[in-house]
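Overview (structure and organization)
Residue-level listing of the chains:
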Amino acid sequence: MLFDFLISMETQLTWYGQSAFKIKTDAGKILLIDPWITNPTFAGGKDELASLDRVDFIFLTHGHGDHVGNTVEIGKRTGASLVSTFDLSAAIVSTLGYPEGQAGIETTGHLGGQLSLLNGDVKVQFVPAWHGSSIERENAMPVYAGNPSGLIISLRNGPTIYHTGDTDLFSDMALVKRFHKIDAMLVCIGDHYTMGPARASEAVKLVAPKTVIPMHYGTFPVLTGTPEAFGNELKKRKVKARLRVMHAGETIALDSGLKS
Ligand SMILES: [Zn+2]
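One numbering rule holds for all chains: residues counted from 1, following each sequence as written. Local features are withheld for residues below a pLDDT of 70 in this predicted model, meaning they are given only at 70 or higher, and side-chain atom pairs are given and counted only at 80 or more; totals for whole chains, interfaces and linings count all residues. To get the side-chain values, all heavy atoms of the structure are used, and hydrogens and water are removed first.

Focus: the pairing of strand 14 (residues 211-215)
- Partly exposed residues are those whose accessible area sits between 20% and 50% of the maximum for their type, while under 20% is buried and over 50% is exposed, using a 1.4 Å probe and protein chains only. Helix and strand definitions here come from DSSP, where helices need a minimum of 4 consecutive H or I residues and strands a minimum of 2 consecutive E residues; each element is numbered from the N-terminal end. With respect to burial, strand 14 is a largely interior element, 5 of its 5 residues being buried.
- Here strand 14 shows two buried faces, one formed by Thr211, Ile213 and Met215 and the other by Val212 and Pro214.
- In short, DSSP must find at least two bridges between two strands for them to pair. Two elements, strand 13 (residues 184-188) and strand 14, share 5 bridges in a ladder whose sense is parallel. Looking across to strand 14, one finds that alanine 184 is bridged to threonine 211.
- Sheet analysis places strand 14 next to strand 15 (residues 242-243), joined by 2 bridges and oriented parallel. Bridging across to strand 15, threonine 211 finds its partner in arginine 242.
- After leaving strand 14, the chain enters helix 8 (residues 227-236) and then returns to the sheet as strand 15, a path that is right-handed. A crossover counts as right-handed when, viewed with the strands pointing away from the observer, the path leading from the first strand over the helix to the second turns clockwise.

This is the structure we're talking about:
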């Protein structure tokens, strides 16, 4: 029992591949970000998707299919609230049928805004990302889904996590550290559709997180950026952040000092 109690006192982060993460807070709340659980790099995706029976929030950065992923199925099954910018939320509800009652104003914001969820246990700030955002449909025009975003998720008595979404490098990333001390930065490195290793390492330098975890690489042949190349670029720039490369399906413990 005591052991269970100790385990539950930490924040856990699971990477599913691409840009999909699960955060389990120290209070046992389940947050998903860009949950494409059944992506091709995660062999256990189908089983994991089936086992997700309790999810509190689904955070989305933009409307592309490799980020929306299994959002609607999970939302319908678990009753999770959708957390995103206004236009994206409206598009997910109207185009994909996400339950409207789970996408209300308490969990819908916009760039620059910070939402306080669960009485402040979870806070999320929407920050810019340089990318596109639409929802693709078969044999029809894509649906407008607003500006894409990055997400800064702050957990009470826990870590602050910056998920960049899909983006290029931009100098305003330096503003992040004026408002937040980032414990873990989840950064896209795959190139082609987002920044690659060199530009991503400049982004890390601007944000100055304690730990950096690469994402959005290796899922498709065109996403050629690798953690090795990223590590070399970080070294070249003498970036102090610790590089933690995860594998799809792996869970690590996070705290403000990041343990593993
Ligand atoms: Zn995208």
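Quick look at helix 8
- Along helix 8, the residues classified as buried are Pro227, Phe230, Gly231, Glu233 and Leu234. Down the axis of helix 8, the buried side of the element spans an arc of 165 degrees, and every buried residue falls inside it. The exposed set on the far side of helix 8, more than 90 degrees from its buried face, consists of Glu228, Lys235 and Lys236.
- We call two residues in contact when some of their heavy atoms are within 4.5 Å. For helix 8, the elements touching its buried residues are strand 13, helix 7 (197-207), strand 14 and strand 15.
- Two residues or fewer past helix 8, lysine 238 is found with a positive phi of approximately 55 degrees. Arc definition: it is the arc formed by the directions from the helix axis to the C-beta atoms.

Some points on helix 4 (residues 71-78)
- All buried positions along helix 4 are accounted for by Thr71, Val72, Ile74, Gly75 and Thr78. Projected down its long axis, helix 4 shows its buried positions confined to an angular sector of 165 degrees, all on one face.
- In this structure, the buried side of helix 4 is in contact with strand 3 (30-33), helix 2 (45-51), strand 4 (57-59), helix 3 (65-68), strand 5 (81-85) and helix 5 (86-96).
- Glycine 79 occupies a position one or two residues after helix 4 and carries a positive phi of about 80 degrees.

In short, geometric facts, not functional conclusions.
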